[in-house]
Each structure stands twice: as structure tokens, then as C-alpha cells.
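Structural overview
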Amino acid sequence: MIFLENTCPVSLKTKYFGYEIFRRWSNNKPSKGRLLIESFTLQVVRCQAEGCHASLGNDNGHVVCRSHSNCAVALDDYVAWHPDACIVCYELVLLLTDEQILNKRCVEAAIKTALALQAQVIKVSHFDRKHYFYPDLPDSSLGIILSNIFQAGYQITQKDSPVAKDGCISFNVPVQECSMKFYSHAVRLTQLQLEEDSGKSIHDAKSNRVLVDLNRAGLPLMELVFAPDLRDGEEAAALIKELSLILTRVGTCSCRMEEGALRIDANISVHKQGEPLGERTEVKNLNSIRSLDYRFMPEPNLPPLRLHDSLDASCIPNSSLDINDIRMKMNELPEETRQRLISNYGISLEDAIILVNDDALVEYFLDVMSATNSHNGQLVSNLLLNNLLGTLNSLDVDIKDSILSPSAFAEIVHLLESGQILHAVALKIMELICFSGDKRTPSKIVEMSNWTKLPDDLLEDYVLEVISSNKKLVGKYRRGNSKVFNTLMGKAVAATERRADMQKLQDLLKRKLDE
């Protein structure tokens, strides 16, 4: 990181910035960049205090886009640079030329995101310069280099003419009283705009100074603005979770919030039921609070962004980007995957939600279903979510690193469905393989351990043996002491070495005792 200390003399800052940053990044090897989404808006509408309601709106959801360069760069040679190197690119662009070329991959990412959120992609959109007095953009720092005095910089954005608008995202919210039950909710997407990222201000209270990190300045962002349709924090969290799933599925953002790839600004207001929304308060996920007076003007170096859609019968191709080409290459969205799992495998909505929340988990489930002839997807889901995951969690092992392969899991399912083993034995096999690393196949473990389920027609012999060997207990039961039944049942279970169907064994024992 290269930090600019606001409290140091201007002359030292100019020299340090002009030399150190260029030397560092000119030695950097090219690597893949990222397109980040950063801004996102929430509004929530319920608060249990004094009959008032809270209103949350995710007004600025910033997402960093996966890309190789700035949102706007001047020369193709810079595209292969690491995104952090764009500080230098951006400075040189401003110094050497006014010609800027919009990054095509940023536009493609915006279109993918808009389509995934059911938004209207605007055929002609425009860019603006957002001017403000704050040293977190290379434009601001450039003023320091050129004139040794602080000057206000600007950020490239789309204020009034965004690339997409009027979308919607539906998601499932867990019921507070029961985390395994969900209800559906939807939030409107007001607009999606492309812009460039600013730097990061770090306020050091101990030494009473402010540092400016410009490594991310100029990186491409998408800002997603949502309407105030959220009623509480649970809905806000569920929205962000679903948004993250969608963005990672379509490949436009890593959504690693700890890395700043997804950043949230929440707009909150409180109002009484039946009254209009109260005064909006913005809570920004930043290291500083700005009190600015923004000024906007059209971006003179970037022409209007023109798109066309070949799906439209009246389409006249007038750009290099066809919306329909991107639409046809879109990955399956999370909700589509959930509905496919429910339709094809008969699992519950709750299980589908849990599976789709983890790409590795849903892939494991699908691999198991492909490796077995089972039509009971709910059985597979139950064993996976309730049993195998519990075993792996106790070992602190992720599902993608499970020693129990999908094919071995499918074999356990087959043994269970065919009546060769009991459910308890299935769990013992899982634990044996996961805890001990047993390399034998499940079928071999069952054979060598003599865990095969006893045929139902042999159970009567075991029950009659227990009754004839425990006449005193049987007499007590038949004289009305029903508590001894559990003791007799325990002896029957032990006699069968826990290889019998427990329900059938219990029913048979009771029937024989009552004769």
C-alpha cells in the first residue's frame, strides 16, 4: 500500500507520491484483475420501539467488477496491468491524453448483473463527472503534483442516465422463531450504474493524522440502488446473501466483503405505522464521513454508451455489445437451481435453500444423485445435511474436502434403500470413514462387520427366545407392569445385535407379549 499523509508538508507529499508509486508499480507483473461491485442501498420498515417503524434502504451497494483495468483507461497496454497498478495508468492518462476508452468487460458485467436482477438494460446511457473536494481520487492528487496546492477531483459515474434500472430481486428470509422455515420477500432495484472507485481514507486517532490509500482508486464499480422495501435487519441480511449468490453465480463479483469487493451503505428511517417514511439517515460502510457539496457535469471524454438487443425484432445493431449474446451465455441463477432441485429430486424448499447457499454442497448433492439410481432425493438430502455435515463440522472439514466421496455416499444410500442396512448403520459407516479414514467400500465394511440387516421373517425367533428366557419380567408385564417392556425391548435389541428394524421388532414383541 502507498499512503499519503495529509498532515505532512505538500512538497514532501508531492515528491513521495510522484516517485514511489511509479517505481513500485512499474515492477509489478501483470495479473488478472477483478470487477468489483461496491454500492448498494437498503431501507427497512419495522422498529419495535414506541409504535414506530424503521425503514431500511440499501441505497449504495458498491460491487467491484472482475476486470483487467480501470472503468475508463486511455491505452490498451494498460489492460493487462494488475488493478492496483491503475493509479499510475490513471495519472498518465490525465497527463498525456484526453482520449479514454471504456472497459468492455465492465459493461458486460453490468449487463449480466442487470439481467440477473430482471432489470431493464438501457440502450443508450451516459457518464458524468462527480466533483468534490476530498483527496481520495488520483484526480485530486494530480492537482497536488501539478500545482503543489490541493485541488478538488472528480469521480466518473452515471448519475441520471444509468446502464440499467427498474429491476427486482426475490429472496427467502428465515423466520425468527424457526431458522429452518422461510418466507419469500422481494425488493425493487431502482438503478444500476457504472462508476470508478475512490481511494480509502484511514483515520489514525492515536497520532491525530489521516492516511490516504489510493491503491483501489480508479477500479471499476457497479452501484446498485434498491428501494426502501425492507422491514428489518433479517430481511436486509437475507437480501445481501441472495445478492452475493447471484453475483458470484454470474461471475461479476467475488463478493468477499472482507476484501471490500462488496460494500454496503444502509439508509434508515423511522416512522409510525400508516405514516410516510421518516427522515432518511445514511449509514456508510466507510472509514470516514464526508460532508461534501457534490457538483456534476457530463463526462466530456466518454461518449454515450450504446447497446443493442438482437432479441428485439426492430433492433438495429449500432454497437459492439449485443445484450442477447450476454443473455444466452448466462449461468443458471440461484432461484432457478432451487426450483430445479425441488422439481427433479422432490426435496423441500428449506433443503434447496441450504444446498444452493453453498456451491460445493449443491455440487456434492448432484454428484450423489448422478451416482445412484435413487429417486428419493429427500433421503439423500437428509443424510447429507443432517448427518454427513454434522460429522464433517465436528472435524472442521469442508464438504469439498470430505474423505467420503459422492460415489461412496451413493453406495450407502443404495444399501439403505435396498433394505440391506439400517439408518443407524449408515451413520456408523459415515463416521468410520470420516473419523478413521477407512479405505474400504461401504459394502465391504458392512460385510466384514456383519452389519447386514436381519430379515424380518427371522425376528419372531429372536422375540420368542427373549420371552422364554425372561419369564419373571414377562409375568410382571402381563400383570400390568408396563414399565418392564423397555427392559424386554433392550434385551431383544441386544439379541439381534442392533441389526433389526427397531419399529418392527417393537411391534412384534408387544404383540407376542399380549397374546
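Just above sits the structure.
What you see as residue numbers is a count from 1 along each chain, following the sequence as written. Given that the model is predicted, a residue must reach a pLDDT of at least 70 before its local features are reported, and side-chain atom pairs must reach 80 or more before they are shown or counted; all residues, however, enter totals for whole chains, interfaces and linings. In computing side-chain values, all of the structure's heavy atoms are included and hydrogens and water are not.

Secondary structure elements follow DSSP: runs of H or I no shorter than four residues count as helices, runs of E no shorter than two count as strands, and numbering proceeds from the N terminus. For the chain, the count of helices and strands is 17 helices and 18 strands. Exposed residues in this analysis have more than 50% of their type's maximum accessible area, buried residues have under 20%, and partly exposed residues fall in between, with area computed by a 1.4 Å probe over protein chains only. Within the chain, the proportion of its 515 residues that are buried is 49%. In short, Shrake-Rupley with a 1.4 Å probe defines the accessible areas, and a residue's cover is counted only from the protein chains shown. Taken as a whole, the chain presents about 25500 Å² of accessible surface, with 51% of it coming from carbon and sulfur.

Another point: the packing of aromatic side chains. Each aromatic pair joins two rings of Phe, Tyr and Trp (for Trp, the six-membered one) with centres within 6.5 Å, and gets the label stacked for planes under 30 degrees apart, edge-to-face for over 60, and tilted for any other angle. Summed over the entire model, instances satisfying the criterion amount to three aromatic pairs. Seen in terms of ring centroids, Tyr345 and Phe365 are 5.6 Å apart; in terms of plane orientation they differ by 90 degrees. Their pairing is edge-to-face. Of this pair, Tyr345 sits in helix 7 (residues 334–345) while Phe365 sits in helix 9 (residues 359–371), and the two are 20 residues apart along the sequence. Take Tyr345: its relative accessible area is 22%, and that puts it in the partly exposed class. Residue Phe365 is classed as buried on the basis of its relative accessible area, which comes to 0%. A centroid spacing of 6.0 Å and a plane angle of 40 degrees characterise the contact between Tyr477 and Phe485, whose relative ring orientation is tilted.

Along the chain, Asp309 turns up in the loop between strand 18 (305–306) and helix 6 (323–328). On the basis of relative accessible area, Asp309 is assigned to the buried category, the value being 10%. Put simply, Asp309 and Ser319 are 10 residues apart on the chain and 9.8 Å apart in space, counted from C-alpha to C-alpha. Under the rule applied, a polar contact is a pair of N or O atoms within 3.5 Å (in protein, one hydrogen donor and one hydrogen acceptor; residues adjacent in sequence only if both atoms are side-chain atoms). One polar contact links the side chain of Asp309 to the main-chain amide nitrogen of Leu311, over a distance of 3.0 Å. Only 3.0 Å separates the side chain of Asp309 from the side chain of Arg327, close enough to count as a polar contact.

Let's shift gears to the sheet that holds strand 9 (residues 153–157). Strands sit in the order 9-8-17 across an open sheet of three strands; the sheet is antiparallel. The sheet is open, and its two edges are formed by strand 9 and strand 17 (295–298), each paired on a single side. Ignoring strand direction, the axes of neighbouring strands in this sheet form an average angle of 30 degrees. Here, a strand pair is defined by DSSP locating no fewer than two bridges between the strands. Pairing of strand 8 (residues 128–132) with strand 17 involves four bridges; the strand directions are antiparallel. Each bridged residue has a counterpart across the sheet, and for Arg129 the counterpart in strand 17 is Met297. Between N-to-C directions, angles cover 0 to 180 degrees, with each direction set by a line fitted to C-alpha atoms, over the stretch in contact for helices.

To continue, consider the side chain of Asp322. Assignment of secondary structure puts Asp322 in the loop between strand 18 and helix 6. Just so you know, the count uses Lys and Arg for positive and Asp and Glu for negative, and it drops His and the chain ends. Salt-bridge detection follows one rule: a side-chain nitrogen of Lys or Arg within 4 Å of a carboxyl oxygen of Asp or Glu. Arg327 is the oppositely charged side chain nearest to the buried, salt-bridge-free Asp322, at an N-O distance of 6.3 Å. In this analysis, two residues are considered to be in contact whenever any of their non-hydrogen atoms come within 4.5 Å of each other. When neighbours within four sequence positions are excluded, Asp322 is seen to be in contact with His308, Asp309 and Ser310.

Next up on the list: unusual backbone geometry. For Gln118, which is not glycine, the phi torsion reads 55 degrees and is therefore positive. Structurally, the position occupied by Gln118 is in the loop between helix 3 (104–116) and strand 6 (120–121). If you check the backbone angles, Asn208 has positive phi at about 55 degrees while not being a glycine. Tracing the sequence through the fold places Asn208 in the loop between strand 12 (200–204) and strand 13 (209–213). A relative accessible area of 66% places Asn208 in the exposed class.

This paragraph deals with the packing of helix 14 (residues 459–469) against helix 17 (residues 502–514). Relative orientation of the contacting elements helix 14 and helix 17 amounts to 50 degrees, with a least axis distance of 10 Å. Of the possible angle classes, the one that applies to helix 14 and helix 17 is oblique. In the crossing of helix 14 with helix 17, the sense of the turn from one axis to the other is right-handed. Across from Leu459, Glu460, Val463, Leu464 and Ile467 in helix 14, the residues of helix 17 making contact are Lys504, Leu505, Leu508, Leu509, Lys512 and Leu513. Should an angle fall under 35 degrees it is called roughly parallel, over 145 degrees roughly antiparallel, and 65 to 115 degrees roughly perpendicular, with every other angle called oblique. Crossings are sorted by hand: turned counterclockwise from the far helix by less than a right angle, the near helix makes the crossing left-handed, and turned clockwise it makes it right-handed.

In this analysis, the expected span of each helix is defined as 1.5 Å times one less than the number of residues it contains. In this model, helix 12 (residues 423–436) (14 residues) spans 20 Å end to end at C-alpha, consistent with the 20 Å of a helix rising 1.5 Å per residue. For helix 12, every residue scored as buried is listed here: Val425, Ala426, Ile429, Met430, Ile433 and Cys434. End-on view of helix 12: buried residues confined to an arc of 165 degrees, all on one side of the axis. Packed against the buried residues of helix 12 are helix 10 (377–394), helix 11 (406–417) and helix 13 (442–449). One or two positions beyond helix 12, positive phi appears at Gly437, with a value near 70 degrees. Note that the arc is computed from the directions linking the helix axis to the C-beta atoms.

Okay, the pattern of salt bridges next. Tallying each qualifying case throughout the model produces 17 salt bridges. A salt bridge links Asp309 to Arg327, with the nearest nitrogen and oxygen atoms 3.0 Å apart. Of this pair, Asp309 sits in the loop between strand 18 and helix 6 while Arg327 sits in helix 6; the two residues are 18 residues apart in sequence, bridging distant segments of the chain. Residue Arg327 is classed as partly exposed on the basis of its relative accessible area, which comes to 28%. One salt bridge connects Asp398 with Lys400, and the closest N-O pair in it is separated by 3.4 Å.

Here, two cysteine sulfur atoms that lie within 2.5 Å of each other are counted as a disulfide. For the structure shown, the criterion picks out zero disulfides. Summary of cysteine pairing: Cys255 is not part of a disulfide, and the nearest cysteine sulfur, belonging to Cys253, is at 3.8 Å. Look at Cys255 and you get buried, because its relative accessible area is 11%.

End to end, helix 7 covers 16 Å across 12 residues, agreeing with the expected 16 Å (1.5 Å per residue, within 8%). Taken as a whole, helix 7 has its buried residues at Pro334, Thr337, Arg338 and Leu341. Down the axis of helix 7, the buried side of the element spans an arc of 105 degrees, and every buried residue falls inside it. Where helix 7 is buried, its residues touch strand 10 (164–175), helix 5 (233–250), helix 8 (349–356) and helix 9. Directly after helix 7, the chain includes Gly346, whose backbone phi takes a positive value near 70 degrees.

At a closest axis distance of 9 Å, the pairing of helix 5 and helix 7 adopts a crossing angle of 95 degrees. Relative to helix 7, the element helix 5 lies roughly perpendicular. Each of Glu242, Leu245, Ile246 and Arg249 in helix 5 lies in contact with helix 7, whose residues at this interface are Pro334, Glu335, Thr337 and Arg338. Amino acid classes used here: Ala, Val, Leu, Ile, Met, Phe, Trp, Tyr, Cys and Pro are nonpolar; Asp, Glu, Lys and Arg are charged; the rest, including Gly, are polar. Looking at the contact of helix 5 with helix 7 residue by residue, the classes come out as three nonpolar, one polar and four charged.

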